[in-house]
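Notes for the structure review
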Amino acid sequence: SMAPTPAPFVKPMQSSPSVSPIQRRHTLPASEVRPLNTQDAISVFEIEREAFISVSGECPLHLDEVRHFLTLCPELSMGWFEEGRLVAFIIGSLWDQERLEMDALTLHKPRGSTVHIHVLAVHRTFRQQGKGPILMWRYLQYLRCLPYVRRAVLMCEDFLVPFYRKSGFRSLGRCAITVANLTFTEMWYPISGHAYMRRNSEAIRFPQGLTVHPPLSGPPTLSQPLPQTEESSEGSDV
């Protein structure tokens, strides 16, 4: 039997009272940010399940899909841990076309130069603390260190467009992917890895066919500087 199609939600979390985690002093780092691995999959899915299923009945990534991406491309994930406990995460994979299509929900394209951000979520006891915007900022800075990455894309419901604009994303318009009766806005963020590659063009070679040529109706050229944005927003959390 076929697994249900994952719902590509990048949604804000429902607010809840902040609860202090049990303190375990001197045993684990107070705060740590690192790539995820398959051993983190259960924690990831538990956060997703609480955050998404109660709201929409679907998860962006089901447990087997979490394991799938954390096996194929763990370096495109990022987890924020407090006292050893996962409190927020991002999972991404590579995509090799200008716009997202249904295959982007389940495939990792190793020769791609676009990072598709599948999900950003924060544990319910750590919301309304600005962690979502901070983790997104850290993730985008990290992507700048990967010379093969030229842009990041995500899809979100329309009411979230202002939230991602604050992180520097720009709208590409309506996404081709729909789930049930939901439609999404596709958003993109230029990554400066290509500038690093130009400076090191003798040492680093792109695979053939990865030059990005935005359509006239699409985003501005990748060399265009981004307007300055706030590094984080405490007002709305994801």
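Our subject in this report is the structure included herewith. Residue numbers here run from 1 along each chain, matching the order of that chain's written sequence. Thresholds applied to this predicted model are a pLDDT of at least 70 for local features of residues and 80 or more for the giving and counting of side-chain atom pairs; totals over whole chains, interfaces and linings are not thresholded and use all residues. Calculation of side-chain values draws on the structure's entire complement of heavy atoms; hydrogens and water are dropped beforehand.

1. A short note on the nonpolar core
The criterion, for reference: What makes a nonpolar core is a set of buried Ala, Val, Leu, Ile, Met, Phe, Trp, Tyr and Cys residues whose side-chain atoms join them at distances within 4.5 Å. Only protein chains enter the calculation, and the probe is 1.4 Å; a residue is then buried if its accessible area is under 20% of its type maximum, exposed if over 50%, and partly exposed in between. Helix and strand assignments come from DSSP, with helices taken as H or I runs of at least 4 residues and strands as E runs of at least 2, each series counted from the N terminus. When checking whether two residues touch, look at their non-hydrogen atoms; a contact exists if any pair is within 4.5 Å.
Core analysis: the largest hydrophobic core is formed by 49 residues, its most contacted members being Phe-89, Ile-91, Ile-117, Met-136, Leu-143, Tyr-164 and Phe-169. When residues in this core are grouped by element, the largest group, seven residues, is from strand 3 (residues 85-95). Contacts of Phe-89, omitting those with residues within four sequence positions, involve Leu-36, Val-44, Ile-47, Glu-48, Met-78, Gly-79, Val-119, Leu-120, Ala-121 and Leu-135.

2. Thoughts on the side chain of Lys-131
Selection rule: Here Asp and Glu are counted as negative and Lys and Arg as positive; His is not counted, and neither are the chain ends. Salt bridges are counted wherever a side-chain nitrogen of Lys or Arg sits within 4 Å of a carboxyl oxygen of Asp or Glu. By the criterion applied in these results, polar contacts are pairs of N or O atoms within 3.5 Å in which, for protein atoms, one can donate a hydrogen and the other can accept it, and in which residues neighboring in sequence qualify only through two side-chain atoms.
Within the element layout of this structure, Lys-131 appears in helix 3 (residues 131-143). Look at Lys-131: it is buried, it has no salt bridge, and the nearest opposite charge is Glu-82 at 4.1 Å. Here Gln-129 takes part through its side chain, which lies 2.8 Å from a polar atom of the side chain of Lys-131.

3. Quick notes on helix 2 (residues 63-72)
What counts here: The arc in question is traced by the directions running from the helix axis to the C-beta atoms.
Those residues of helix 2 lying buried are Glu-65, Val-66, Phe-69 and Leu-70. End-on, the buried residues of helix 2 take up no more than an arc of 130°, which puts them together on one face.

4. A look at the pairing of strand 3
Worth spelling out the cut-off: A pair of strands is labelled paired if DSSP reports no fewer than 2 bridges between them.
Counting buried residues in strand 3 gives 10 out of 11 residues, a clear majority hidden from the surface. One ladder, built from six bridges, connects strand 2 (residues 77-82) with strand 3; its direction is antiparallel. Each bridged residue has a counterpart across the sheet, and for Ser-77 the counterpart in strand 3 is Ile-91. In this structure, the hairpin formed by strand 2 and strand 3 is closed by a connection of two residues, where Glu-83 is found at a positive phi of approximately 55°. Bridge count for strand 3 against strand 4 (residues 114-122) is eight bridges, and the pairing is antiparallel. Bridged to Ser-93 within strand 4 is His-116.

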